[in-house]
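Take a look at the letters that make up each chain.
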Amino acid sequence: MDDILFRALADRVGRYLDGVDRLSSAQPWEVGRELRRLSGAWRSLLGQHAPTGRKRRCVGCQSPRGSPAMCSVWRVACGWFLRA
């Protein structure tokens, strides 16, 4: 995946998760705690699937042919967290 595109998408997803963290502080304790846990879990999962190496591919999802396409974890995050 193109490094500039990935950084732009990662920044937008990060801002979305930051908004979830902010929203969690305005919720009842139990709800806020669960929102923070979900946000933290997504951050961890996305960090494990960040593109690495010279070809900027996700190590965890690398296809046998080594497709340079965005990994499925990032496609799901962008599909759910980035809305027009």
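A quick note: this is a predicted structure, and the numbers were derived from the prediction, not measured.

Participant: Help me out: how do you make sense of the overall build of the protein in this one?
Facilitator: On a plain count of helices and strands, the protein comes out with three helices and zero strands. Tracing the protein from N to C terminus, the helices and strands come up as α-α-α. When burial is assessed residue by residue, the protein has 29% of its 84 residues classed as buried. Accessible area of the protein: about 5,800 Å², with a carbon and sulfur share of 58%.

Participant: Teacher, can you tell me more about the environment of L9 here?
Facilitator: Within the element layout of this structure, L9 appears in helix α1 (residues 3-24). Separated by 69 residues in the primary sequence, L9 and C78 have C-alpha atoms spaced 7.2 Å apart. Once you skip the residues sitting within four places of it in the chain, L9 turns out to touch M70, C78 and L82.

Participant: Whenever I open this one, the packing of aromatic side chains confuses me. Can you help?
Facilitator: Two numbers describe a pair of aromatic rings. These are the distance of the centres and the angle of the planes. Applying the stated criterion across every chain, the model contains three aromatic pairs. With a centroid separation of 4.7 Å and 15 degrees between ring planes, the pair formed by Y16 and F81 is classed as stacked. Highlighted residues: Y16 in helix α1 and F81 in helix α3 (residues 72-81), separated in sequence by 65 residues. Aromatic pair W42 and F81: ring centres 5.1 Å apart, planes at 80 degrees, arrangement edge-to-face. Taken together, the positions of W42 in helix α2 (residues 29-48) and F81 in helix α3 put the pair 39 residues apart, joining distant regions of the chain. Taken together through their ring pairs, the aromatic side chains of Y16, W42 and F81 make up a single cluster.

Thresholds applied
Residues numbered from 1 in each chain as written. Predicted model: local features only at pLDDT ≥ 70, side-chain atom pairs only at ≥ 80, totals over all residues. Heavy atoms only, no water. Helix = DSSP H or I, 4+ residues; strand = E, 2+ residues; numbered from the N terminus. Buried < 20%, exposed > 50% of the residue type's maximum accessible area, 1.4 Å probe, protein only. Areas by Shrake-Rupley, 256 points an atom, 1.4 Å probe, with all protein chains shown as cover. Contact = heavy atoms within 4.5 Å. Phe/Tyr/Trp six-rings, centres within 6.5 Å; stacked < 30°, edge-to-face > 60°.

Read these as layout, nothing more, since geometry by itself doesn't imply function.
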